[in-house]
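Each chain, letter by letter, is given below.
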Amino acid sequence: MNFHIAKGVFDILPEDPDPQGAWRQSHLWQYVEKTIREIACEFGYQEIRTPLFESTDLFKRSVGLTSDIVTKEMYTFEDKGGRSLTLRPEGTAPILRAFIEKNLNQIAPVHKFFYILPMFRYERQQAGRYRQHHQFGIEAIGNHSPLQDVEGIHLLWTFYERLGIKNVHLHLNSIGNRETRHAYRIALQEYLKPFFEKLSPESKERFQTNPLRILDSKNEADQNILKEAPQILEFLDAQGKAHFEQVCHLLKKIGIPYQINNKLVRGLDYYNHTVFEITSQELGSQNSLGGGGRYDGLMKEMGGADLPAFGFGAGLERVIQTLLAQKAPIPSPSTPLLFLIPMGEAAALKCFEWTCALRKAHLPVEMEMSGKKIKAAMRMANAMHARFILVIGDEELHSGEATLKEMATGREESLSLDLLIHRLQDAFQKNT
Ligand code: HAM
């Protein structure tokens, strides 16, 4: 019987035989994840990992009952004890759940978390949209200041910059507080009423349930209707306005270009004030590299302290695809420094001892372990991109000397085996 991978998910492999699957190579993921860890550390964020599934109610109550995630996309199942559980579709709600449950507010002075975790959404399959995707995210809890918003945006901006990704655009908006959104909702419905019959079926549905989401409709007719629609920024109160102005001011100060996009509302219900998205042209219609914003009321709504918060989530699949599309410089995957080829059983035992000793000295070493003839073993060393090879037979064992060959240059060096470790350590450290 042949088994196939489930729809909308993918394997991450050392090498992917499918030419379209270059982004699924594990060394790219390791490089991006390493960069994340470096930057998160520089910005003072600590790693958090939450379980793959949570109670279904957690997502219903936080992400929002009318959101696409809750209405259409959750992987929900009943466990053997009759509990309704859901595979994590996003990272914010579980982190607040952990924060409240573990009383982290009382324990640590800094509440700045980052995560690299898989998320699960039952999406229509298309390029850039997967049923399991991976997010790099941050959640910074407890700070009201616009400085926090800009620190978060700066962190994500730095991530793309350090990876060498170009032509990214920061879209920025504010959706104010609850009163702002209530007043705006009424104004938007009033404006849209005369056009109701001309709206797309999806927008008609959202007219009552979540009219703000009509703003990010992809339908051209909807967008034409919206051209003269009232703008949410005009509904901000003095405090909301001051917060937004300060965010814009700080972004200018640190040289991050942005464009205000008054139709940006985001698809999860918990946001207020600042919302943002970073896009790349390389990604076609699924062009959002990452996005997030402030969610000051969520912690309290979930039964915790009344603490403000700011965060974002950024899809790793899309980052890696953009890296490749833009031919950004990517470090080569690590390869063996030395490939040992034994000729005969006695040599194989000796080579194995050396392999263990060299690995103990932290050197990446491989040996041929299946008794291949010299030609086949050399082909293997080549395929692995080994830097040096060393062939050991009875003669070498006898004399205690062998010839170290550098594959790229063909340069050969006769060495006593005792010196081998030092020579290789030297080559590895100095890359000479
Ligand atoms: P989100 O906009 O739903 O936000 O997802 C964040 C990012 O994850 C998107 O910008 C996109 O890059 C990626 N993404 C989302 N869905 C998929 C998918 N099906 N396939 C591939 N990539 C995808 C959130 O999830 C919020 N929790 C972000 C946040 C954190 N806000 C505050 N804190």
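Above this text is the structure in question.
Overview of the structure. This structure is a prediction, so every number in the text was calculated from the model and none was measured.

On to the site of the ligand. The ligand sits among 26 residues. The nearest are Glu90, Glu123, Glu139, Tyr271 and Ser288. For the ligand, a nitrogen atom lies 2.7 Å from a polar atom in the side chain of Glu90. Phe312 is positioned such that a nitrogen or oxygen atom in its backbone is 3.3 Å from a nitrogen atom of the ligand. Here the ligand loses 96% of its free accessible area of 660 Å² to cover by the protein chains. Counting only elements with at least two residues in the shell around the ligand, the list comes to strand S6 (132-141), strand S10 (288-294) and strand S11 (309-315). A class-by-class count of the residues in the shell around the ligand yields eight nonpolar, 11 polar and seven charged.

For helix H1 (residues 26-42), spanning 17 residues, the distance from its first C-alpha to its last is 24 Å, which sits close to the expected 24 Å at 1.5 Å a residue. Restricting attention to buried positions, one finds in H1 the residues His27, Leu28, Trp29, Tyr31, Val32, Thr35, Ile36, Ile39 and Ala40. Of the residues trailing H1, Gly44 is marked for its positive phi of about 80°.

Note on placement: Glu90 falls in the loop between strand S4 (84-87) and helix H4 (92-101). Here Glu90 occupies a buried position and makes no salt bridge, while the nearest side chain of opposite charge, Arg121, is found at 5.9 Å. Engagement of the side chain of Glu90 in a polar contact is seen with the backbone nitrogen of Ala93, the distance being 2.8 Å. A polar contact of 2.4 Å, which involves the side chain of Glu90, links it to the side chain of Tyr270. Contact partners of Glu90, with chain neighbours within four places excluded, come to Phe59, Val63, Met119, Arg121, Leu268 and Tyr270.

Time to look at the packing of aromatic side chains. The full count for this structure, using the stated rule, is 17 aromatic pairs. Ring geometry for Phe10 versus Trp29: centroids 6.2 Å apart, planes at 40°, classification tilted. Taken together, the residues span a long stretch of sequence, with Phe10 in the segment before H1 and Trp29 in helix H1 at a distance of 19 residues. With relative accessibility at 3%, the residue Trp29 sits in the buried group. Note on Phe136 and Phe312: the rings are 5.4 Å apart at their centroids and 90° apart in plane angle, and the pair reads as edge-to-face.

Under the defined criterion, the tally for this structure stands at 28 salt bridges. Taking the shortest distance from any N to any O, the salt bridge between Arg294 and Asp296 comes out at 2.8 Å. Asp296 matches Arg294 in its accessibility class, with the two residues each being buried. With a shortest N-O distance of 3.4 Å, Glu406 and Arg387 are connected by a salt bridge. Taken together, the residues Glu406 in strand S15 (residues 401-406) and Arg387 in the loop between helix H14 (374-383) and strand S14 (388-392) connect sequence positions 19 residues apart. Across the pair, exposure class does not vary: Glu406 and Arg387 are buried alike. If you follow the salt bridges from partner to partner, you end up with Lys34, Glu38, Glu42 and Arg162 in one network.

Let us look at the sheet that holds strand S3 (residues 76-78). Strands sit in the order S2-S4-S3 across an open sheet of three strands; the sheet is antiparallel. If you trace the sheet from one side to the other, it starts and ends with strand S2 (53-55) and S3, each paired once. Within the sheet, the average angular offset between the axes of one strand and its neighbour, ignoring direction, is 35°. Across three bridges, the pairing between S2 and S4 is antiparallel. When the bridges of S4 are listed, Glu54 appears paired with Thr86. Sitting on the sheet, helix H2 (residues 56-63) touches S2, S3 and S4, and the angle it makes with S2 is about 75°.

Ranked by internal contacts, the top residues of the largest apolar core, which has 48 residues, are Val32, Phe136, Phe159, Tyr160, Phe276 and Ile278. Every residue in contact with Ile278, bar those within four places of it in the chain, is listed here: Leu156, Trp157, Tyr160, Val168, His169, Leu170, Asn287, Ser288, Leu289 and Gly290.

The five strands are arranged S13-S12-S14-S15-S16 in an open sheet whose pairing can be described as mixed. Pairing within the sheet leaves two strands with one partner each, and these edge strands are strand S13 (365-367) and strand S16 (412-416). Averaged over all neighbouring strand pairs, the angle between strand axes comes to 25°, with direction disregarded. Both S15 and S16 contribute to a ladder of five bridges, which runs antiparallel. Within S16, the position partnered with Lys405 by the bridge is Glu412. Strands in contact with helix H13 (residues 345-360) are strand S12 (338-342), S13 and S14; relative to S13, the strand with the most contacts, it is inclined by about 165°. Across the sheet, helix H16 (residues 417-430) touches S12, S14, S15 and S16, and the angle it forms with S16 is around 130°.

Between H1 and helix H12 (residues 316-325), whose axes approach to 11 Å, the crossing angle comes to 110°. By the angle class used here, H1 and H12 are roughly perpendicular. Facing H1, whose interface residues are Leu28, Trp29, Tyr31, Val32, Glu33 and Ile36, H12 presents Leu316, Glu317, Ile320, Leu323 and Leu324. Looking at side-chain class alone, the contact of H1 with H12 contains nine nonpolar, no polar and two charged residues.

Note on strand geometry: in a regular strand, side chains alternate between the two faces of the sheet. Counting buried residues along S6, nine of its 10 residues qualify, which places the element largely inside the surrounding structure. Inspection of the sheet shows strand S5 (residues 112-120) paired to S6 by nine bridges, in the antiparallel sense. Bridge pairing in S6 places Met119 opposite His133. Pairing geometry for S6 and S11, over seven bridges, is antiparallel.

Reading the values: rules and limits
Residues numbered from 1 in each chain as written. Predicted model: local features only at pLDDT ≥ 70, side-chain atom pairs only at ≥ 80, totals over all residues. Heavy atoms only, no water. Near = heavy atom within 4 Å. Polar contact = N/O pair within 3.5 Å; in protein donor to acceptor, adjacent residues only side chain to side chain. Areas by Shrake-Rupley, 256 points an atom, 1.4 Å probe, with all protein chains shown as cover. Helix = DSSP H or I, 4+ residues; strand = E, 2+ residues; numbered from the N terminus. Nonpolar A, V, L, I, M, F, W, Y, C, P; charged D, E, K, R; others polar. Expected span 1.5 Å × (residues − 1). Buried < 20%, exposed > 50% of the residue type's maximum accessible area, 1.4 Å probe, protein only. Lys, Arg positive; Asp, Glu negative; His and termini not counted. Salt bridge = Lys/Arg side-chain N within 4 Å of Asp/Glu carboxyl O. Contact = heavy atoms within 4.5 Å. Phe/Tyr/Trp six-rings, centres within 6.5 Å; stacked < 30°, edge-to-face > 60°. Pairing = 2+ DSSP bridges. Axes fitted to C-alpha atoms, helices over the stretch in contact; angles between N-to-C directions. Core = buried A, V, L, I, M, F, W, Y, C linked by side-chain atoms within 4.5 Å. Parallel < 35°, antiparallel > 145°, perpendicular 65-115°, else oblique.

Honestly, that's just the spatial picture; any functional story needs more than this.
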